[in-house]
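Overview (structure and organization)
Chain by chain, the residues run as shown.
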Amino acid sequence: GFRLDIISDYLVQAVVSLQKKYHFNQLNVVAHSMGGLVTHSFVKKYREQYPEISQNLKFVMTINSSMGGMESAAAGVKHSPIVVPAWNDVTPSSTFLRTVHDWTWPKDIPYHLIFSFKNGSDGDGLVSLGSQIPYKTQAESTRMYGFNNDHVGTLNDPDFLALLSKLLDDSLEK
């Protein structure tokens with residue numbers, strides 16, 4: 001429920017700390033749902049604050065992420081007597097989303113965009129298709145993949161798991 005900027009700030013510091021301790025030369029990030037928003041913010045901050053080590057970021061995948069925000073979050077902010085702080089960031093017109101979308105994804109970091117849909121619905125049962133694949137995010141992605149599954153079911157889909165495994169294998173430095 002924390003604000004997404006706080007979470008992405010923490011992620012930057014955690015990754016930098018781990019990188020300094022273990023000296024790894026490759027970082028792959030796979031994020032589901034709201035984690036995709038945190039990941040976009042993380043990549044932006046990581047590249048800006050640590051350009052010398054951020055070159056180790058070799059692969060990013062987001063899965064069923066509400067890149068365009070969620071109207072349900074906006075309704076929660078407007079009508080709920082208790083507002084979860086993260087809802088403010090997932091509201092479609094939020095400052096957080098504008099900041100993420102005003103930035104351009106680096107061309108040297110492969111970005112794989114996974115979206116899901118259920119036949120007869122406008123998305124994966126939680127996040128609308130329009131929010132999962134806004135045009136700018138589509139245009140910046142290396143490749144998009146769609147699955148006929150629900151928001152969480154995609155994570156257990158054998159085709160998705162095979163794709164993830166193949167892409168991670170392909171991303172390994174030879």
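Bear in mind the structure is a predicted one, so any value in this text is a computation, not a measurement. (Residues numbered from 1 in each chain as written. Predicted model: local features only at pLDDT ≥ 70, side-chain atom pairs only at ≥ 80, totals over all residues. Heavy atoms only, no water.)

Phi angles above zero are rare outside glycine, and H23 is one such case at about 55 degrees. Within the secondary structure layout, H23 lies in the loop between α1 (4-22) and β1 (27-32). Given a relative accessible area of 64%, H23 falls into the exposed group. (Helix = DSSP H or I, 4+ residues; strand = E, 2+ residues; numbered from the N terminus. Buried < 20%, exposed > 50% of the residue type's maximum accessible area, 1.4 Å probe, protein only.)

Right, let's get into the sheet that holds β1. Judged by pairing direction, the sheet is parallel, and its four strands sit side by side in the order β1-β2-β3-β4 without closing on themselves. Strands with a single pairing partner mark the edges of an open sheet, and in this sheet they are β1 and β4 (143-148). For this sheet the average axis-to-axis angle between neighbouring strands, irrespective of direction, equals 15 degrees. Sheet analysis places strand β2 (residues 57-63) next to strand β3 (residues 111-117), joined by four bridges and oriented parallel. Paired with T62 across the two strands is L113, which belongs to β3. The strands that helix α2 (residues 34-49) touches are β1, β2 and β3; relative to β1, the one it contacts most, it runs at about 145 degrees. (Pairing = 2+ DSSP bridges. Axes fitted to C-alpha atoms, helices over the stretch in contact; angles between N-to-C directions. Contact = heavy atoms within 4.5 Å.)

Only one face of β1 is covered, namely the one carrying L27, V29 and A31; the face carrying N28, V30 and H32 has none of its residues buried. Bridge analysis of β1 against β2 gives six bridges, and the strand direction is parallel. Within β2, the position partnered with L27 by the bridge is L57. Handedness of the crossover joining β1 and β2 through α2: right-handed. (Right-handed = clockwise from strand over helix to strand, strands pointing away.)

In this section: the pattern of salt bridges. Evaluated as defined, the whole model comprises seven salt bridges. A salt bridge links R3 to D89, with the shortest nitrogen-to-oxygen separation between them at 2.8 Å. Within this pair, whereas R3 is found in the segment before α1, its partner D89 is found in helix α4 (residues 85-90), the two being separated by 86 residues in sequence. Here D170 ties to K166 by a salt bridge, and the two come within 2.6 Å at their closest N and O atoms. Of this pair, D170 and K166 are both found in helix α8 (residues 158-171), four residues apart, which corresponds to roughly one turn of the helix. A residue is classified by how much of its surface remains accessible, and D170, at 45% relative accessible area, is partly exposed. For K166, a relative accessible area of 49% corresponds to the partly exposed category. In the salt-bridge network here, residues are joined through shared partners; they are D5, D9 and K45. (Salt bridge = Lys/Arg side-chain N within 4 Å of Asp/Glu carboxyl O.)

By themselves these figures say nothing about function.
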